[in-house]
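# Remarks on the overall topology
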Amino acid sequence: MRDLKLTNTLSHRKELFVPINEGRVGMYVCGPTVYGDAHLGHARPGVTYDVLSKLLRHLGYKVRYVRNITDVGHLEHDADEGADKIARKARLEQLEPMEVVQTYTLRYHEAMRQLNVAPPSIEPRASGHIIEQIEAVKKILDAGYAYISNGSVYFDVQKYNADHQYGILSGRNLDETLEGTRNLDGQSDKRAPYDFALWKKAEPEHIMRWPSPWSDGFPGWHLECSVMGEKYLGNEFDIHGGGMDLMFPHHECEIAQNVASRGTRGVHYWVHNNMITINGQKMGKSLGNFITLPQLFSGDHPKLDQAYSPMTVRFFILQAHYRGTLDFSNDALKAAEKGLAKLMAAARDLYAMCGAKEPAYAYGEISEAVAPDECKATSAEVKAAWESVYDSLCDDLNTPGAVSALFEAVRIINSAKAGSVKLSAEDLEALRQLFDDIVFGVLGLVDEQNAGGASMGVIDGLMSMVLESRAAAKAAKDWAASDHIRDTLAALGIKVKDTKDGVEWSL
RNA sequence: GGUGCUUGGGCCGGGAGGUUAGGCACUGGUCUGCAAAACCAGUUAGAGCGGUUCAAUUCCGCUAGGCACCUCCA
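Residues numbered from 1 in each chain as written. Chains lettered and ligands numbered in written order. Predicted model: local features only at pLDDT ≥ 70, side-chain atom pairs only at ≥ 80, totals over all residues. Heavy atoms only, no water.

### Considerations on the protein's contact with RNA strand B
What counts here: Residues are classed as near a molecule or strand on a simple rule: at least one heavy atom within 4 Å of it. For the purposes of these results, a polar contact is taken to be a pair of N or O atoms within 3.5 Å, where, inside protein, one atom must be able to donate a hydrogen and its partner to accept one; residues adjacent in sequence count only when each atom of the pair is a side-chain atom.
Lining the immediate environment of RNA strand B, one finds 60 residues, of which Lys85, Trp221, Leu246, Lys282 and Met283 sit closest. Near the protein, meaning within 4 Å, the atoms of RNA strand B are sugar or phosphate in a fraction of 64%, with bases accounting for the rest. A distance of 2.6 Å separates a phosphate oxygen of RNA strand B from a polar atom in the side chain of His42. At 2.3 Å from a phosphate oxygen of RNA strand B is found a side-chain nitrogen or oxygen belonging to Lys282.

Pasting the structure below:
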């Protein structure tokens with residue numbers, strides 16, 4: 001099996017990935033809070049960890065991928081005051097909170113499906129694990145790292161910090177945290193500003209509430225991930241992913257809760273994806289500068305020149321490294337759109353050269369088979385591109401490096417088509433496998449032009465009829481008629497290309 | 001204020017102490033009735049100052065911008 005390196009936030013270094021159980025990987029990723037449409041920012045972890053899980057599977061690991069749905073509203077501002085986000089949305093839309101949850105869960109799923117993000121192995125909901133969360137609070141209380149205050153339970157950060165280190169993930173110490181934390185006007189039930197809620201007593205108007213030994217209330221936000229991670233992946237598991245903005249306090253609190261309730265930090269590799277920016281500024285719900293995925297796919301937003309297909313968005317994300325920020329702009333999206341079209345055109349030519357109609361794994365799960373450790377005997381250039389793709393992906397999920405190498409493969413394919421290079425059967429087979437396994441498998445790209453299904457059959461038939469007429473006009477040197485057909489088709493969004501091997505068209 | 005990251009061609013963006021990143025855009029050539037696509041060739045870089053080194057865009061320091069986190073956020 002090939003070595004895989006991942007940047008572990010705990011050490012701030014690239015580390016060799018070694019799973020706890022040989023051949024198996026447990027991975028947990030923080031999912032969305034479902035009170036609004038997913039935006040471009042949500043697409044990033046969706047795609048990033050989708051690619052990571054697919055790469056792990058391709059390398060031969062059996063992967064259990066858990067991504068939660070947060071459907072218990074956490075509080076909008078400080079943990080002590082403010083409105084529950086889901087409940088607030090419910091009031092605004094005059095719905096039950098769970099109707100809000102259902103609506104946006106379904107819309108999130110749909111957006112992820114369009115991006116060809118495979119569903120996780122398990123998608124647990126916070127509301128379905130209240131009992132487990134209450135048990136965890138009890139354990140933390142028993143361990144002495146929490147206190148009860150006016151019906152709520154808070155984590156005693158100072159006590160914890162005396163015995164363990166609070167802040168190991170985000171690299172800060174408690175004194176600094178104290179300095180940086182705003183004071184709470186003395187209204188708080190908390191002993192210290194950096195303490196966080198494990199259980200919160202519900203105010204009378206609070207709708208989402210459950211009984212507990214301490215009060216009718218709801219669990220603290222950080223607790224659900226600790227509890228569900230343990231339940232489905234065990235006391236310790238391999239990978240925990242999420243957005244960089246969750247590193248502190250969310251993931252820091254998770255670690256503290258894990259140590260306090262079960263005596264282990266729980267996670268071996270912390271992986272954090274960076275943010276998507278717009279004009280250099282983070283795109284976020286709280287900043288109100290986000291573009292939702294449905295808007296992006298339809299083009300319905302003042303900042304958008306046009307609609308961008310889900311695959312364009314996916315490719316756009318893959319062209320940057322997950323740990324760097326990625327700046328949104330129409331120009332960047334358009335560039336991605338064209339680059340993707342070039343890649344897909346080469347894929348079609350490749351499959352045609354191989355006599356295959358379409359990629360083997362385009363629309364399903366990638367194969368569970370172990371990736372070949374070495375490329376079969378092929379010409380130097382094909383082999384170099386192949387190696388470069390695998391080296392990049394295994395080097396901290398360097399998707400832009402892999403994409404770059406794939407365009408080397410594109411150049412080879414195009415040269416072969418143009419007749420300036422002759423590819424051996426082994427070369428063709430190696431390239432086809434590279435596209436099957438990596439382009440359509442691990443990177444999860446879909447050739448949207450080929451994905452039309454049954455309706456494409458009809459269009460194929462119509463197109464060949466129309467192009468026959470044009471060929472007849474051309475044969476008669478009736479350029480006006482020939483160009484009229486081409487221009488009319490172009491106006492419909494269909495491009496016609498005359499090649500030396502005949503006429504090609506694409507949408 | 002604290003902590004961390006970052007600064008690259010017209011745009012988006014990887015890697016590497018010395019050898020082409022890649023995509024988009026642009027220019028010239030080949031092909032074509034014309035166009036498009038493709039192929040071949042090419043143009044535009046590495047914030048400023050100093051240091052280490054045979055060699056730095058890559059390592060170190062300083063200065064100046066920028067960003068993120070420190071409050072819910074992917």
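From this point, the narrative continues.
### What about the sheet that holds strand E13 (residues 326-328)?
Put simply, the test is: Two strands are counted as paired when DSSP detects at least two bridges linking them. Secondary structure is summarised from DSSP: a helix means a run of H or I of at least four residues, a strand means a run of E of at least two, and numbering begins at the N terminus for each.
The 3 strands are arranged E12-E11-E13 in an open sheet whose pairing can be described as mixed. Across the chains shown, the open sheet's two edge strands, defined by having one partner strand only, are strand E12 (281-282) and E13.

### Side note on the sheet that holds strand E8 (residues 217-219)
So the rule is basically this: The axes used here are C-alpha line fits, helices contributing only the stretch in contact, and every angle between their N-to-C directions lies in the interval 0 to 180 degrees.
One open sheet accounts for 4 strands, arranged E5-E6-E7-E8; its pairing is antiparallel. Each edge of the open sheet is held by one strand with a lone partner, namely strand E5 (146-149) and E8. Shown here is a sheet whose adjacent strand axes are inclined to one another by a mean of 20°, direction ignored.

### Observations concerning the packing of aromatic side chains
Keep this limit in mind: Any two of the Phe, Tyr and Trp rings considered here, Trp counted by its six-membered ring, make a pair once their centres fall within 6.5 Å; the pair's planes then place it as stacked at under 30 degrees, edge-to-face at over 60, or tilted in between. Exposure is judged per residue with a 1.4 Å probe applied to protein chains only, and the accessible area is read against the type maximum: over 50% gives exposed, under 20% gives buried, and values in between give partly exposed. Whether a charge lies above a ring is judged from NZ of Lys or CZ of Arg, which has to be within 6 Å of the ring centre and within 35 degrees of the ring normal.
Counted under the stated rule, the structure contains 13 aromatic pairs. Ring centres 6.5 Å apart and planes at 45° place the aromatic pair Tyr28 and Phe237 in the tilted group. Of this pair, Tyr28 sits in strand E3 (residues 24-29) while Phe237 sits in strand E9 (residues 237-243), and the two are 209 residues apart along the sequence. Of the two residues examined, Tyr28 and Phe237, each falls in the buried class. One aromatic cluster is present, formed by Tyr145, Phe155, Tyr160, Tyr166, Phe196 and Phe248 through successive ring pairs. The ring of Tyr147 carries the charged tip of Arg191 above its face, separated from the ring centre by 3.9 Å.

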